[in-house]
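Spelled out, the chains give:
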Amino acid sequence: MTETWGKSIKKGANHSTISLCEHLKDTVEVAEMLFTCIDASSSIFGNRKNLIKQAVLYALSLHDIGKILPAFQIKTLGNHNYEPWDVTHEIPHSFFSIFWIDKEKLKEKIKTILQEDKKTQEDKKTEKIIQFIISAVAYHHWRENFEMLLLRSEEIIRLCEKILADKHFRDSLEKNLKEVENELASKFNFNVIKLNEKLLKELKNGRKLYEYATPPYKLYWLPARLELQNDDIKEWIWISGFTMRSDHFASYCEEENENFNKVEIKNKMFQSIKNSVEKKIGSNPWQIQRINKNTDGDLTNKNIILAAPTGYGKTEFAFLWSNSEKFFYALPLRSAVNQIFERAKEIFDDERVGLLHSDADVYLLGQNKDKDIGDNLRLYDLAKQLSHPVIISTGDQFFPYALKPPGYEKIYATFSYSRLVIDEVQAYNPKACAIIVKFIEDIVRLGGKFLLMTATLPKFVLEEIERRTEADARKKIYEKINFFEEEKPKFQNLIKHKIQITVIENKEESKNLNFSLPLEELEKIINACNNGKRVLVIVNKVSQAQEIYRTLKKSEKIPSEKLFLLHSRFTSKDRREKEVKIMDMEFKNPKSPDEKEGKILVTTQVVEASLDIDADVLFTELAPLDALIQRMGRVLRRFGPQCAQIPKLTETNVYLWVFRDGLESGNGKVYGKELLKLSLDSLSSYYTDSQLLSACLSSDADWIDKVIDKVKNAEITVSEYCKYKLVESFYDGLQERDCLKDFYNTLNLLDAGYMSDRKHDAEKLFREIYNIDIVPWEKLKEFANKINSFFNSGQTGWIKFKTEVLINYVVSVPSWGVKDELAYDCISPFLSEISASDRKKARRWLQGIFAVRTYDKYDSQEGILLDKNTKYDNIID
């Protein structure tokens, strides 16, 4: 008799197998290690700890026994000598697993645990735990075809009939499974594997599988709404989530020959973290004082909402607040995530810090060139397995799970004993903010903790978090720390910005508004540079940034090597090189007092959130007020609240451009005009001491007369406290407008029980993706040749393909108004030099990458360039 396989692992020319029994034992071993780590640091389970743990161990022992199905052994794993031989009857192995669960014996096991834990109503409780175990087994790997299988069960019925009618087939399967059960019994007392004939007959007679094994991903399948204040739902999430995580990590270790004990890498002790922070920012800083000397108990045990100016040291506070426990640090932008990742490594060490975003693998390979490529990829893989005690990530890696897509239990179970740091929440759009609020609500109910910190906290976000997290506890479960108010005198005297508002007259030309900068504004930029200033120019569209860069480059008054352009429309390789040069060299914070040579950075919104750069002067287009404050935070960043002496501000260092027609170069497509009007109104109210909110609802012409002309050429000196109050006033104005309807509509949708069918759809809703990945049209043939060379050189693997090919050619561009064509269709004629199997692999790797004729050329200095015949009004960039 042949061995029953659990895994078939192919790596290049090498092929190895792992028996089914060995895989099941591996998953149980991983779970035991995981629960040991959790038990040591968390009390989230209360008196249910043993119950949850044992339920997970039972689920893992049963989750893959359906792999005895001949079609799976022969077709999927390649076990061609397997008996009985049958490749006709085929269903997902996880579905087949539940056919072999002896429900009555499993009930006895669960009842014994409940009695040991002295729980009441054992019968009712037992039924629920059994339901959760069966669900965890059936859906530990969700596939998109599961829904159809559950609703139309012809394949399931045919397999039931085969087992019931063919005694030889059935006896052979039972014999194979008996050997697995005997081996499992030798590890621990477990004998609940037996064919459930009653279930097979019921399914054969028309009972739906989802009536027996409830899927957690469709509301209309659930017996009740998924309310996380319900302890039963928490148990379901824990059982299912830890089953998934243990299975996924065991599989990873089997495939990569990794140690199981890395399922949870231990963090530094708090004293070590404290010493590292002090070494970095000085002895006994405010962060340590606040953590240790809070008047209302230890801050490390609390949820916190922290408001403090840019450059105040919020990141180090977050590191201390983690209190040696597992934590996730989420930011909106990859470049900001990379920066915090490097800072975290200085505090926690390289091996304890993981990085997660869409190009994290590329970043790690580029940063650690002295390490073996396998070591770099191992760091990335462990981060994906959630093993690191510190994980720095973009928000889109976790927040979309608030929409409950398949697999969300794994994330929720992990966050239930972890801490979450959310930085720069104002940088997300209203829909994403609503999803973040729901995510916070859910993890708090499960037992996790959060720290929300920003310089500009949206009031509507704060109010919703307060309402949702305090509703059941009937007490304040978070502490709000507002340094603007606590240290008001300090921030009233801290003045780093003097704003001049310039209204640019732009008349309509050929039915298109002209958003070109006047010569006098360009001269201001050049003069500031020639006076030895670091000049930051931020505009709202890539095409606008490119035009300004191009015009300045033609000028003979500034050295071209001191002119830089950064935006989101570069290849990953070019953008990363520019970010490193700008952030680590040319605009590094703090600016050295010895630096005398001027320089100019022309950029877009990519620098707003958490980028640690330092400039002397800012020229910026109008944007929502919170974004403007973030842009201003890049100016004189070297002079923070802890500075002993800040030079007196004597001249304008923030120039705000407002186009009379259209307000800004996006003309309402980048930012809604209502937001821009409210922003200008807040500034005009500060300047003129008059409220003009009603004017925002009047015609553009009337509004311009009433507001813009009042602030034309105005000069406004603002302290850090004034900036805080301006943003507060701005958010108050938002509460009364339609700007936030997406925020509240999304929350209402989530509260109604919305669950996403697919992870991809959840991510798309969170990101509100309007971009596509493309290869510039003129680069297509060169791109195809690079692909041919890659495969013909014998290189393999997605990561290698991504780092050797894609990062050099693929650019993210706006999809609005653009007719696109699949890139792999365009390059197919060029791929005749590689084998059919490599062509198939190349097409799979290129799915979702397009070629667009309107995006014709690419320049390493300017980025993607539109064809000259393209109508720019059709494209948001």
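Residues numbered from 1 in each chain as written. Predicted model: local features only at pLDDT ≥ 70, side-chain atom pairs only at ≥ 80, totals over all residues. Heavy atoms only, no water.

What follows deals with the side chain of Lys-107. Turning to its location among the elements, Lys-107 is positioned in helix H5 (residues 103-116). Setting aside anything within four residues of it in sequence, one finds Lys-107 in contact with Thr-126, Glu-127 and Ile-130. (Helix = DSSP H or I, 4+ residues; strand = E, 2+ residues; numbered from the N terminus. Contact = heavy atoms within 4.5 Å.)

Ranked by size, the top nonpolar core spans 223 residues in total, and within it Phe-99 and Phe-439 carry the most contacts. When residues no more than four places from it in sequence are discounted, the contact partners of Phe-99 are Ile-91, Ile-156, Leu-159, Cys-160, Ile-163, Lys-194, Leu-195, Asn-196, Leu-199, Leu-200, Leu-203 and Leu-209. Membership of the second largest hydrophobic core comes to 36 residues, among which are Leu-522, Cys-529, Leu-565 and Tyr-655. (Core = buried A, V, L, I, M, F, W, Y, C linked by side-chain atoms within 4.5 Å. Buried < 20%, exposed > 50% of the residue type's maximum accessible area, 1.4 Å probe, protein only.)

Glancing now at helix H33 (residues 780-792). The periodicity of an α-helix, 3.6 residues per turn, causes residues three or four positions apart to be oriented the same way. When the terminal C-alpha atoms of H33 are compared, their 18 Å separation across 13 residues agrees well with the 18 Å that a helix rising 1.5 Å per residue should span. Looking at H33, one finds that the buried residues are Leu-780, Phe-783, Ala-784, Ile-787, Asn-788, Phe-790 and Phe-791. Angularly, the buried residues of H33 cover 160 degrees about the axis, an arc narrow enough to put them on a single face. Following H33 by one or two positions, Gly-794 adopts a phi angle in the positive range, close to 90 degrees. (Expected span 1.5 Å × (residues − 1). Arc of directions from axis to C-beta.)

Let us look at the packing of helix H16 (residues 334-348) against helix H17 (residues 360-367). The N-to-C vectors of H16 and H17 enclose an angle of 50 degrees; their axes lie 12 Å apart at closest approach. Classed by the angle they form, the pair H16 and H17 counts as oblique. The two elements H16 and H17 meet at a crossing, and its hand is right-handed. Residue-level contacts link Asn-338, Phe-341 and Glu-342 of H16 to Tyr-363, Leu-364 and Gln-367 of H17. For the contact of H16 with H17, the class distribution of residues is three nonpolar, two polar and one charged. (Axes fitted to C-alpha atoms, helices over the stretch in contact; angles between N-to-C directions. Parallel < 35°, antiparallel > 145°, perpendicular 65-115°, else oblique. Left-handed = near helix turned anticlockwise from the far one by under 90°. Nonpolar A, V, L, I, M, F, W, Y, C, P; charged D, E, K, R; others polar.)

The next point concerns the sheet that holds strand E18 (residues 715-719). One key point about sheets: their strands pair by backbone hydrogen bonds, in either a parallel or an antiparallel sense. What the seven strands build is an open sheet, ordered E14-E15-E13-E16-E17-E10-E18; its pairing is mixed. Here the strands that pair on one side only, and so sit at the sheet edges, are strand E14 (563-566) and E18. Ignoring which end each strand starts from, the neighbouring axes of this sheet average 20 degrees apart. The pairing of strand E10 (residues 495-504) with E18 spans five bridges and is antiparallel. Across the sheet, Ile-495 pairs through a bridge with Ser-719, a residue of E18. (Pairing = 2+ DSSP bridges.)

On to the pairing of strand E3 (residues 303-307). Burial analysis of E3 places five of its five residues in the buried class, the great majority of the element. Along E3, one buried face is formed by Asn-303, Ile-305 and Ala-307 and the opposite face, lined by Ile-304 and Leu-306, is buried too. Direction of pairing for E3 relative to strand E9 (residues 478-482): parallel, over a ladder of five bridges. The residue of E9 that forms the bridge with Ile-304 is Glu-479. Pairing geometry for E3 and strand E8 (residues 449-454), over four bridges, is parallel.

Once that is clear, we can look at the packing of aromatic side chains. As enumerated under the stated definition, the model contains 49 aromatic pairs in all. Here the aromatic residues Trp-286, Tyr-312, Phe-317, Phe-483, Phe-484, Phe-491, Tyr-721 and Tyr-724 are joined through ring pairs into a cluster of three or more. It is Lys-162 that lies over the ring of Phe-169; its NZ or CZ is 5.1 Å from the centre. It is Arg-419 that lies over the ring of Trp-321; its NZ or CZ is 4.9 Å from the centre. (Phe/Tyr/Trp six-rings, centres within 6.5 Å; stacked < 30°, edge-to-face > 60°. Lys NZ or Arg CZ within 6 Å of the ring centre and 35° of its normal.)

Below, the discussion takes up the packing of helix H24 (residues 519-530) against helix H25 (residues 542-554). The interhelical angle for the contact between H24 and H25, taken along N-to-C directions, is 65 degrees, at an axis separation of 11 Å. Remark: the crossing between H24 and H25 carries right-handed chirality. Across the interface between the two elements, Leu-522, Ile-525 and Ile-526 of H24 pack against Ile-548, Thr-551 and Leu-552 of H25. Broken down by class, the residue content of the contact of H24 with H25 amounts to five nonpolar, one polar and no charged.

Moving on to the environment of His-89. Turning to its location among the elements, His-89 is positioned in the loop between helix H3 (70-76) and helix H4 (93-97). On a C-alpha basis, the gap between His-89 and Lys-162 in space is 8.1 Å, while along the polypeptide they are 73 residues apart. Excluding its chain neighbours within four sequence positions, the residues that come into contact with His-89 are Leu-69, Ala-71, Arg-158, Leu-159 and Lys-162.

Secondary-structure assignment places Glu-235 in helix H12 (residues 231-256). When sequence neighbours within four positions are dropped, the list of residues in contact with Glu-235 reads Arg-48, Leu-51, Ile-52, Lys-125, Ile-129 and Phe-132. At 2.7 Å, the side chain of Glu-235 forms a polar contact with the side chain of Lys-125. (Polar contact = N/O pair within 3.5 Å; in protein donor to acceptor, adjacent residues only side chain to side chain.)

Let's shift gears to the side chain of Thr-456. Among the secondary structure elements, Thr-456 is positioned in the loop between E8 and helix H21 (459-470). For Thr-456, a relative accessible area of 2% translates into the label buried. At 3.1 Å, the side chain of Thr-456 forms a polar contact with the side chain of Gln-630.

With that out of the way, let us pick up the pattern of salt bridges. Enumeration according to the criterion identifies 70 salt bridges in this entry. Linking Asp-232 and Lys-125 is a salt bridge whose minimum nitrogen-to-oxygen distance equals 3.5 Å. Of the two residues, Asp-232 sits in helix H12 while Lys-125 sits in helix H6 (residues 122-138), which places them 107 residues apart along the sequence. Residue classification places Asp-232 among the buried positions, given a relative accessible area of 15%. Residue Asp-166 is joined to Lys-162 by a salt bridge in which the shortest nitrogen-to-oxygen separation is 2.9 Å. Because the salt bridges share partners, they merge into one network encompassing Arg-48, Lys-125, Lys-128, Asp-231, Asp-232, Lys-234 and Glu-235. (Salt bridge = Lys/Arg side-chain N within 4 Å of Asp/Glu carboxyl O.)

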